[in-house]
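Observations on the model geometry
Okay, here's what each chain looks like letter by letter:
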Amino acid sequence: MLLGAGALGSGLLLSACTSNSNGDADKANVKATTAASGSTPGKHVTIGFSAPAADHGWMAAITKNAKAQAGQYTDVSFQPAEGTNDVNAQISAVQTLIDKKVDVLVILPFDGKALTSIGAQAMDAGIPVINLDRVFDNSLAYRTWIGGDNYGMGVNAAQYIIKTLKAKGVSKPVIGEIAGIDNLDLTKQRSQGFKEALAKAGFSVSIRQAAQFTADSGQQVMSNVLQARSKLDAVWNHDDDQGIGVEAAIKQAGRSEFFMVGGAGSKHAMQEIKADSGVLKATVIYPSSMSASAVTLARLIGQGKGIGDLVEQEVPTSITLFSATVTKDNVDQYLPLSFT
Amino acid sequence: MSDQTTPRPAEDAPGLPAQARSGADVATRPSLVKEGPDPGRPGSGRQQLLRLFPLHQMHSLGLVVVLVLLGVVGTVTSDNFLTSNNIVNILTSAAVIGVITVGQTFVIIGGGIDLSVGAIVAVASVWCTTVATQSYGLGGMLFTAVVVGSAVGLLNGILIAYGRIVAFITTLAMMASARGVAERLSDRQSQVVTVDSFNRIATDKFLGIPLLVYLMAGIVVLGWLLLNRTTFGRRTFAVGGNPEAARLAGIAVRRHTMLLYLLSGVCCGVAAVMLTARTTSGASNLGNLYELDSIAAVIIGGTLLAGGRGSLFGSILGVLVFTTITNIFVLNNLTTDIQEIAKGLIILVAVLLQRTRGARSPA
């Protein structure tokens, strides 16, 4: 009886604990940039959208931003497919969208190579495909590719580190690298850019370990890395979501002799940079707003228009986004574009 | 017969595997008959050795040897291995998975399996870090994590014991849906902990050792006492070894099975507190693949996957072996692929060792 009452009581309290809203945090981090596109309503366009499961801050922002952008247009209807990390399921999802005869497809494949043939199939069926970020194997499979610059992300992280170390007068620095999921192509490109840019300054990575884009893996890996190197000068962590764990490990070990650069550009990371209280001094952005841009491109292609200020009549076939370096000096400019 | 099936008090043969104590198992598992003291062959050296070092303790001894070997490898390959800082680091890294493994050991000895532990950790960590929960402060967060973990564990237990759904399927379903709930609650975002006293669970130290390590040690000791020194523990062995015989012996098998999953859920709730404090955040992707880590630790620790026999001490050694291996890999800056290959090989070798020991010992 007493147990029952207790259970009931805890049930009530728990159900009150599921809320995540707190006044100021209006989580719609979709910015007002879209109003600027200044495009007048045109032919109605149905946009199909397929992306991996939104199980990660950046990926969640991708799906959210795409949906929000589509909502800005009165002449667009948005048809998202259920996100999945199983390439087989994603192929089926895209197939369904083709069968529904959407006008344009936006696809962020879990694995570019695996989704190439279904992309080509859509193109053959006369549906233009916007390939978002992870690139298809064959350019026949997409009308336009838009995505981030993973190699450039590594380069920019390295350049910030080189500049800061040179300013400090460190000649033989110990540089650490906490990579993301190691079997992804994007991780390899990021690491390659980092390594090659460092090499130009005569620096090299002293220790490189991969985490899993999750806070617990970041914590685990970093706590061991800190044991492996009793003194570090700089660390690049590929991903701000796993960075929460990486930072926790640094605090728990009481280390502060080095500075860290993040990656992707989460709100939390930018707030840390702004506060300037910990080791995190910069982050190199991998813009999650790209999905909003992809929806804009999809609409333009669907209506047969080019991009506003460009002279060309058509949307270009490839757009690589810049990976900006966010520091304390320019963080206010990028904070509205960050993902939570 | 019914007399034989009643598990005898543990004092009879404190270290012996449960089968040796249970007549029912002798009947159903003839290959293990000779493990117990054999009145027909008194004085055989092998028997005396077994009496002194029962089977699962010999296995644990083997794991201790493995751990010492790893220690030697670590010391030789890296100057930073044998430092007090690093040893503390290994123990702290082992704490979260160690607590989960305590619950998993009970479940597996009791003849079940819990595939949902990682997902329970995720949902408990998310639920205890929502803005609303954090507004209740440290107490509210601890309470929420433990209650959510327990509730999910209890639900598992009810479905398995009274709903008669196979444990593998029930917990597989729970693995998916609990993580789904976590994703829904958190909106798939990392929820940073702003309650400072909560984060101090992971940073506070006593005599140079983090609280997390004491927490794990305390739970392991409690678990060991529960498993080896109480009726509850003896019933766990009995239910896992032969549920029908246990039922005939008057054990409420269903109720006991339910309690085992509840216990695992409680452990997950506590582990969620530890992990959340350690990562200073709650997220739906926390605890990914922890079910495999904990099951692997239990298996290399010498517990039978079929249930009925096992050792909590072995499980914890298993956790320490894995944590130490990871530590050595990172200290030597080995790449991920090599780490994965080596881990797989170590699981295989440990299980093979277990099998050859098992085959040899009854002879």
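Reading guide: rules and limits
Residues numbered from 1 in each chain as written. Chains lettered and ligands numbered in written order. Predicted model: local features only at pLDDT ≥ 70, side-chain atom pairs only at ≥ 80, totals over all residues. Heavy atoms only, no water. UniProt positions renumbered as here; feature names shortened; annotations may be inferred. Pairing = 2+ DSSP bridges. Helix = DSSP H or I, 4+ residues; strand = E, 2+ residues; numbered from the N terminus. Axes fitted to C-alpha atoms, helices over the stretch in contact; angles between N-to-C directions. Contact = heavy atoms within 4.5 Å. Buried area = accessible area lost by both parts, 1.4 Å probe. Salt bridge = Lys/Arg side-chain N within 4 Å of Asp/Glu carboxyl O. Polar contact = N/O pair within 3.5 Å; in protein donor to acceptor, adjacent residues only side chain to side chain. Nonpolar A, V, L, I, M, F, W, Y, C, P; charged D, E, K, R; others polar. Buried < 20%, exposed > 50% of the residue type's maximum accessible area, 1.4 Å probe, protein only. Phe/Tyr/Trp six-rings, centres within 6.5 Å; stacked < 30°, edge-to-face > 60°. Lys NZ or Arg CZ within 6 Å of the ring centre and 35° of its normal. Bend = angle between axes of the 7 residues up to and from the residue.

By the naming in an unreviewed UniProt entry, chain B goes by Ribose transport system permease protein and is assigned to Actinacidiphila cocklensis. Recorded in UniProt for chain B, the comment headed Subcellular location (unreviewed entry) runs: "Cell membrane".

For chain A, an unreviewed UniProt entry supplies the name Ribose transport system substrate-binding protein and the organism Actinacidiphila cocklensis. Note on chain A: under the UniProt heading Subcellular location (unreviewed entry), the record states "Cell envelope". Database annotation for chain A, UniProt heading Sequence similarities (unreviewed entry): "Belongs to the bacterial solute-binding protein 2 family."

1. Thoughts on the sheet that holds strand β4 (residues 129–132) of chain A
Paired through their backbone hydrogen bonds, the strands of a sheet run either parallel or antiparallel. Residues and elements named next belong to chain A. Strand order in the open sheet formed by six strands is β2-β1-β3-β4-β5-β11, and the pairing between neighbours is parallel. Strands with a single pairing partner mark the edges of an open sheet, and in this sheet they are β2 (76–80) and β11 (318–320). Strand-to-strand twist in this sheet, taken as the mean axis angle between neighbours without regard to direction, amounts to 20 degrees. Judged from the five bridges that link them, strand β1 (residues 45–50) and β2 form a sheet pairing that is parallel. For Ile47, the partnering residue across the bridge sits in β2 and is Phe78.

2. Structural notes on the interface of chain B and chain A
Residue-level contacts link 49 residues of chain B with 43 residues of chain A. Across the interface of chain B and chain A, roughly 3,700 Å² is buried in total on both sides, 51% from carbon and sulfur atoms. For the chain B face of the interface with chain A, the top three residues by lost area are B:Arg188, B:Gln189 and B:Val330, together amounting to 16%. A salt bridge links A:Lys64 to B:Asp187, with the nearest nitrogen and oxygen atoms 3.5 Å apart. If you look at where chain B meets chain A, you find 19 residue pairs in polar contact (both at pLDDT 80 or more). Here the side of chain B that touches chain A gets six residues from one element, more than from any other, and that element is helix α17 (residues 312–331) of chain B. For the side of chain B that touches chain A, the class distribution of residues is 18 nonpolar, 26 polar and five charged.

3. Overview of the pattern of salt bridges
Pairing between side chains of opposite charge can happen when the charged atoms of each approach one another. Residues and elements named next belong to chain A. Counted by the stated rule, this structure contains 14 salt bridges over all chains. The partner of Asp75 in a salt bridge is Arg299, and the shortest N-O contact between them spans 3.1 Å. Of this pair, Asp75 sits in the loop between α2 (57–72) and β2 while Arg299 sits in helix α10 (residues 290–302); the two residues are 224 residues apart in sequence, bridging distant segments of the chain. With respect to burial, Asp75 and Arg299 carry one shared label: buried. Between Arg208 and Glu177 there is a salt bridge, with the nearest N and O atoms lying 3.8 Å from each other. Placement of the pair is Arg208 in strand β7 (residues 205–210) and Glu177 in strand β6 (residues 175–179), with a sequence separation of 31 residues.

4. Looking at the packing of aromatic side chains
Residues and elements named next belong to chain A. Using the criterion set out here, one finds seven aromatic pairs over all chains in the structure. Judged by centre distance (5.5 Å) and plane angle (40 degrees), the rings of Phe49 and Phe78 are tilted. In this pair, Phe49 is assigned in strand β1 and Phe78 in strand β2, connecting sequence segments 29 residues apart. Grouping residues by exposure puts Phe49 and Phe78 together as buried. Ring centres 5.5 Å apart and planes at 45 degrees place the aromatic pair Trp58 and Tyr286 in the tilted group. Of the two residues, Trp58 sits in helix α2 while Tyr286 sits in the loop between β10 (280–285) and α10, which places them 228 residues apart along the sequence. Residue Tyr286 is classed as buried on the basis of its relative accessible area of 2%. Above the ring of Phe203, the side-chain terminus of Lys166 is found at 5.7 Å from the ring centroid. In this structure, Arg190 packs its charged tip against the face of Tyr286, placed 4.9 Å from the ring centre.

5. Thoughts on the UniProt feature "transmembrane region" (unreviewed entry) in chain B
Residues and elements named next belong to chain B. Taking the UniProt record as the reference, the feature "transmembrane region" (unreviewed entry) is found at residues 58–76, 88–109, 115–133, 140–159, 206–227, 258–277 and 312–331. Secondary structure across residues 258–277 comprises 100% helix and 0% strand; the distance between its end C-alpha atoms is 29 Å. Counted over residues 312–331, helix gives 100% and strand 0%. Its end C-alpha atoms are 29 Å apart.

6. A look at helix α6 (residues 84–109) of chain B
Residues and elements named next belong to chain B. Considering bend angle alone, the principal kink of α6 is centred on Ala95 and spans about 45 degrees. The element α6 is largely enclosed, with a buried count of 22 among its 26 residues. Directly after α6, the chain includes Gly111, whose backbone phi takes a positive value near 85 degrees.

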